[in-house]
2 protein chains.
Amino acid sequence: MNQSDRSARVRLVDVARAAGVSKTTVSDALNGTGRLPAATREHVQRVARSLGYRPNATARLLRAGHTRLIGVAAREHVETPWVYAELAYFVQLVTATTRAALVHGYGVVLLPTTGPGDCWLDMPLDGVFVVDPVEGDPMVGDFLAAGVPVVSDRRALKEVASGTKEAGRWVDFDYGSAARQVLDHLEDAGAERVAVVAAATTACFHQQSVDAYLDWCAERGREPRIAYLQGPGIQNVLDAVEGLIDDADALFTLVEGSPALLLDTIRKFGRSVPDDLLLVCTTEDPTALYTDPPVSTLSYLPDETAQAAVALLVDSIEGRAGDHGRLFSADFQIRASSVAPGRGPARRTAASPLTPG
Amino acid sequence: MNQSDRSARVRLVDVARAAGVSKTTVSDALNGTGRLPAATREHVQRVARSLGYRPNATARLLRAGHTRLIGVAAREHVETPWVYAELAYFVQLVTATTRAALVHGYGVVLLPTTGPGDCWLDMPLDGVFVVDPVEGDPMVGDFLAAGVPVVSDRRALKEVASGTKEAGRWVDFDYGSAARQVLDHLEDAGAERVAVVAAATTACFHQQSVDAYLDWCAERGREPRIAYLQGPGIQNVLDAVEGLIDDADALFTLVEGSPALLLDTIRKFGRSVPDDLLLVCTTEDPTALYTDPPVSTLSYLPDETAQAAVALLVDSIEGRAGDHGRLFSADFQIRASSVAPGRGPARRTAASPLTPG
DNA sequence: TTGAAAGCGCTACCAC
DNA sequence: GTGGTAGCGCTTTCAA
């Protein structure tokens, strides 16, 4: 009853009939294949156009054996679907993934992070990029078991029973050393009470970063000062900052928040950056460059990551060998917000040690 | 040669053979259709699982005659693909579209805004939502001609030769009156030299907003003060503000920019909001609420728009009659940034006239 | 040069 | 209850 246009839709065979040729000839004429006289080809093309013929995409995909579609899912906040899209990191990652996929001739499907069981398997995907899987994330296993190539992080791949033929490839960061790099920098800049704002999630990034922080504190016999956000949203971030700020001389945020707004808030509490509070934000928000003072940032390179992920995925899909994975180093940009002015330049160079040159 | 896993992939017929039943029985057992004894059903399911069988999504889609996939394209910056994703408006729109689509059982494909000819027609889509089409946008016409249901804005639909059977449905705003509402408010608040920051694009929103501004100025015999951004990026916005600010007592931005950063920049130029410069931003950035002062915003309701668009699209796809379109009113939230403190409350009520209640 | 026919993998109709 | 078989719309091999 519905799908009323089904009958109205002109098919290959309709064109063939109208042009007085066979389906083969139409297909060849339209796809530039076969060896047809130019006259036939043009005639068929004219008829096809006049009928408004459009090949059915699904049918060609079935025939072709692939869909040229890859899925992308950001899993960090599985329980609150899609709020993560408000975070600049994921937005840039998805954006860059789309751009990279296009270059390789693939389209991108936004995967639901929730839904009935393994509904994601119903989508006609050639491969998937699972970003920030949570602990024991079922999505990675589901796709791998279904024989769909996956790119994700190493932990997620390791968790999956390695019996599957396709092991999955990975894109990863050493989150722990990135965090230590920031913490060391803050210590060098004179901070003694570094506070951290983290999210309550089992995504690799947060777990490893927090672990690194706790270890770092333990090594120094310092008491950790950490606030776990219970959900996304600006108010949560500002509240967390408020709770930590009185007893801290440096703030390292693992969650995204507008740098300009963060500075405003800190100012409102009577503190001043960098004079009596150093600030480093994990963020992709480009406004960090333009604030007063400019804010030091730790970036997890969404563009580079996405490009590598897509390249890896496409290799996997198209049966090329290629690398098993790519390990990246986070990009730490030191700006005025984390350099105490009275103390002169920090002992470490301002250039990121992990990304020399 | 590639697609090496093709042969490895277990198909329905493999399961049937292994279970010693027919394809039909397997299909019925796995899909819960038909009337099979529980024993058979379970046996088949067990065999299927042990073989790691996964139905081929493309094949079921071909059979079903639909793909449960809708495309979404944001066309405002066709020439610079995907930079628009950095804008909160599009991000929220795509996010909300994805969420709404999921509710209706559809997945979302991010459409390339560029690429060889009508490459978008190769994707197996049931329908598309074309956001902010540019003037004479080919994408809308392509899809309509191909018989793919489209939701876009009224202008885009009107531009297409109306000979097609499916006319397309629309979601729209009266951009002109929204702009006038803001301008009138600024005038009421005492502004005499309202400057506008716009983008150089032929998207309906910008064209109509700018036209409304020019008309509004002409009616008052005022000289328009307007800056057209030549591209996205923060620096462009800040430069535009710098160019306008000296000769303005109110600023109305049509392009997105971090409210907090905008305030900082204005402060840097020695101006103060709202004391000697009123500010209204067209933005979805929720930080506008938390700045000091909070910034007045004009919102084009991405969530509501997306929900309506998806509902309209799904109606169209599934052959239901439903509405032809939905006209929305922008949401103007007046906050401290556009209320001159010395002059007392503005003459107009602070509640948005367009969204009473 | 052209066309008939065999599928791609699945679901559903309809006999058995 | 179960299983042939037709067919979704296309491409491609192969025979004419």
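Residues numbered from 1 in each chain as written. Chains lettered and ligands numbered in written order. Predicted model: local features only at pLDDT ≥ 70, side-chain atom pairs only at ≥ 80, totals over all residues. Heavy atoms only, no water.

### Re the packing of aromatic side chains
Geometry of an aromatic ring pair is reported as the spacing of the ring centres plus the angle between the planes.
Then, number 1: One pass over the full model with this rule turns up 14 aromatic pairs over all chains.
Then, number 2: Above the face of the W170 of chain A ring, R154 of chain A is positioned so that its terminal group lies 4.8 Å from the ring centre. (Phe/Tyr/Trp six-rings, centres within 6.5 Å; stacked < 30°, edge-to-face > 60°. Lys NZ or Arg CZ within 6 Å of the ring centre and 35° of its normal.)

### Section: the sheet that holds strand β11 (residues 325–328) of chain B
Then, number 1: The sheet built from twelve strands is open, its strands ordered β11(A)-β5(A)-β4(A)-β3(A)-β1(A)-β2(A)-β2(B)-β1(B)-β3(B)-β4(B)-β5(B)-β11(B) with mixed pairing. In this open sheet, the two strands that pair with only one neighbour each are β11 (325–328) of chain A together with β11 of chain B. Strand-to-strand twist of the sheet, defined as the mean angle between neighbouring strand axes without regard to direction, takes the value 20 degrees.
Then, number 2: Relative to strand β4 (residues 150–152) of chain B, strand β3 (residues 127–131) of chain B runs parallel, the two being bridged by two bridges. If you follow F129 of chain B over to β4 of chain B, its bridge partner there is V151 of chain B.
Then, number 3: Relative to strand β5 (residues 169–173) of chain B, helix α13 (residues 302–317) of chain B is tilted by about 165 degrees, and along the sheet it contacts β1 (69–74), β3, β4, β5 and β11 of chain B. (Pairing = 2+ DSSP bridges. Helix = DSSP H or I, 4+ residues; strand = E, 2+ residues; numbered from the N terminus. Axes fitted to C-alpha atoms, helices over the stretch in contact; angles between N-to-C directions. Contact = heavy atoms within 4.5 Å.)

### Digging into the relation of the copies chain A and chain B
Then, number 1: When chain A is fitted to chain B, the best match, at an RMSD of 0.2 Å, comes from turning it 180 degrees and sliding it 0.0 Å along the axis. Expressed as a symmetry operation, the mapping of one chain copy onto the other fits a two-fold axis. Residues of chain A ranked by C-alpha distance from the rotation axis are headed by V109 of chain A, positioned 2.1 Å from it.
Then, number 2: When the interface residues of chain A are mapped onto chain B, 100% of them again fall at the interface, so both copies present the same face. (Least-squares fit on C-alpha atoms with pLDDT ≥ 70 in both.)

### Quick notes on the protein's contact with DNA strand C
Then, number 1: Within the structure, DNA strand C sits among 22 residues, and T24 of chain A together with L12, K23, T24 and Y53 of chain B are positioned closest to it.
Then, number 2: Sugar plus phosphate, as a fraction of atoms of DNA strand C within 4 Å of the protein: 62%.
Then, number 3: In this structure, a phosphate oxygen belonging to DNA strand C sits 3.0 Å away from a side-chain N or O atom of T25 of chain A.
Then, number 4: In the environment of DNA strand C, a base oxygen lies 2.9 Å from a nitrogen or oxygen atom belonging to the side chain of R63 of chain B.
Then, number 5: Those elements giving two or more residues to the surface near DNA strand C turn out to be α3 (23–31) and α5 (57–64) of chain A together with α3 (23–31) and α5 (57–64) of chain B. (Near = heavy atom within 4 Å. Polar contact = N/O pair within 3.5 Å; in protein donor to acceptor, adjacent residues only side chain to side chain.)

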